[in-house]
Amino acid sequence: MIHYSFSLNDLEYFLLILVRCASFIFIAPFFSMNGVPARVRAGLSIFLAILLYSVTSRVDVEYSSVFTYALLVLKETITGLLIGYSTTICTSVVSFAGRIIDMEVGLSMISLMDPTTRQETSITGVYYQYAFTLMMIISGMYQYILKAFAETYTLIPVNGAIFHSDKLMAAMIQFMSSYIMIGFRICLPVFAVMMILNAVLGIMAKVAPQMNMFSVGMQLKVLVGLGILFFTTSMLPGLSDYIFTMMKQMTVAFVEAIM
């Protein structure tokens, strides 16, 4: 028979660790997907909190009332959400690129329900989202996310977060610049081919005005656009590397902003 005893202070300290873990799992990519059952996410949060409680060094947390402890819980919740949000926002690049590609190809009127996020997105956005999730599993990026979160308890102990608004703003500006750059790098092959196709259709409309280039061009754009997506499948590993690199940079920037 196993006998294990703990004090009320130990329980309160463990709950503070659990709150940060649960808020991180709630918003982090791959773990926050709607396909992951809520029981699995809750169990993972508890298991991760138990491991971190046993390996991290104990920090004295002082509070005088229930209201003060509630503020500590809120502070740990915001800390976990910011760390998880720093990785989640990087996954929106593929949806941004997918919408731009669909506008060029002519599929912008079609929207699908993404089962991973339960949000309306474009066809190409869903395609890139599934490919990005697959690359995250193959490359083991989800393990890096968990390891980075575990190391935050060394840099930011319980009740040790200090929110710097200027650093958070600088991190968001850095993200927006990388967001637009990577998004248009993904769209560049389709942009280039569509520009050439529009030039060819314009020349044909002048040479043979009796042909209805509007109806022919719509079909050609869809066919050529799908063909470019097929031929650029080999670019997906490089695309994932770009996003993973940005994800690591954003995690470091957000952690430094709340240290």
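Attention in this report is confined to the structure presented alongside it. Given the structure is predicted, the values throughout are model-derived calculations rather than measurements.

### Considering the pattern of salt bridges
Part 1 of the reasoning: Scanning all chains against the criterion turns up one salt bridge.
Part 2 of the reasoning: The closest approach of N and O atoms between glutamate 76 and arginine 20, which form a salt bridge, is 2.8 Å. Placement of glutamate 76 in helix H3 (residues 66-88) and of arginine 20 in helix H1 (residues 8-27) is noted, with a sequence separation of 56 residues between them.
Part 3 of the reasoning: Classification of arginine 20 as buried rests on a relative accessible area of 0%.

### Structural notes on the nonpolar core
Part 1 of the reasoning: One finds Ile17, Cys21, Tyr128, Phe149, Met247 and Met250 to be the most contacted residues of the largest nonpolar core, which totals 64 residues.
Part 2 of the reasoning: Sequence-distant contacts of cysteine 21, that is, excluding residues within four places in its chain, are made with Ser45, Leu48, Ala49, Leu52, Phe149 and Tyr153.

### What to know about the side chain of arginine 20
Part 1 of the reasoning: Within the local environment of arginine 20, its side chain forms a polar contact with the backbone oxygen of isoleucine 156, the two atoms lying 3.0 Å apart.
Part 2 of the reasoning: Here the side chain of arginine 20 touches proline 157 through a polar contact of 3.3 Å, landing on its backbone oxygen.
Part 3 of the reasoning: Discounting residues that sit within four places of it in the chain, arginine 20 has contacts with Glu76, Thr79, Gly80, Phe149, Thr152, Tyr153, Ile156, Pro157 and Val158.

### Topic: the environment of valine 94
Part 1 of the reasoning: With respect to the helices, strands and loops of the structure, valine 94 is situated in helix H4 (residues 92-105).
Part 2 of the reasoning: Each C-alpha atom, one on valine 94 and one on threonine 245, is 14 Å from the other, the two residues being 151 residues apart in sequence.
Part 3 of the reasoning: Among all residues touching valine 94, those that are not within four sequence positions of it are Gly125, Tyr128, Gln129, Phe132 and Ile243.

### Some remarks on the side chain of glutamate 76
Part 1 of the reasoning: Using a relative accessible area of 1% as the deciding quantity, one classes glutamate 76 as buried.
Part 2 of the reasoning: Apart from residues lying up to four places away in sequence, glutamate 76 is in contact with Leu16, Val19, Arg20, Ser23, Pro157, Val158 and Asn159.

### Let's talk about H3
Part 1 of the reasoning: Helix length check: H3, at 23 residues, gives a terminal C-alpha distance of 32 Å against a target of 33 Å (1.5 Å per residue), a fit within 8%.
Part 2 of the reasoning: Tyr69, Leu72, Glu76, Thr79, Gly80, Leu82, Ile83, Gly84, Ser86 and Thr87 are the residues of H3 that are buried.
Part 3 of the reasoning: Among the structural elements, H1, helix H6 (141-155) and helix H9 (236-257) are those in contact with the buried residues of H3.

### Digging into empty space enclosed by the protein
Part 1 of the reasoning: Throughout the structure, instances matching the rule amount to one cavity of 30 Å³ or more.
Part 2 of the reasoning: The computed volume of the largest cavity comes to approximately 60 Å³.
Part 3 of the reasoning: Lining of the largest cavity is provided by Phe24, Ile83, Thr87, Met141, Tyr144, Ile145, Ala148, Phe149, Thr152, Met247 and Thr251.
Part 4 of the reasoning: Listing elements by their share of the lining of the largest cavity, those giving two or more residues are H3, H6 and H9.
Part 5 of the reasoning: For the lining of the largest cavity, the leading source of residues is H6, giving six residues.
Part 6 of the reasoning: Residue composition of the lining of the largest cavity, by class: eight nonpolar, three polar and no charged.

About the thresholds
- Residues numbered from 1 in each chain as written.
- Predicted model: local features only at pLDDT ≥ 70, side-chain atom pairs only at ≥ 80, totals over all residues.
- Heavy atoms only, no water.
- Salt bridge = Lys/Arg side-chain N within 4 Å of Asp/Glu carboxyl O.
- Helix = DSSP H or I, 4+ residues; strand = E, 2+ residues; numbered from the N terminus.
- Buried < 20%, exposed > 50% of the residue type's maximum accessible area, 1.4 Å probe, protein only.
- Core = buried A, V, L, I, M, F, W, Y, C linked by side-chain atoms within 4.5 Å.
- Contact = heavy atoms within 4.5 Å.
- Polar contact = N/O pair within 3.5 Å; in protein donor to acceptor, adjacent residues only side chain to side chain.
- Expected span 1.5 Å × (residues − 1).
- 1 Å grid on protein atoms, 1.4 Å probe; cavity = no way out; pocket = protein on both sides within 12 Å on 5 of 7 lines; lining within 4 Å.
- Points joined across faces, edges and corners; volume = space filled by probe spheres on them.
- Nonpolar A, V, L, I, M, F, W, Y, C, P; charged D, E, K, R; others polar.

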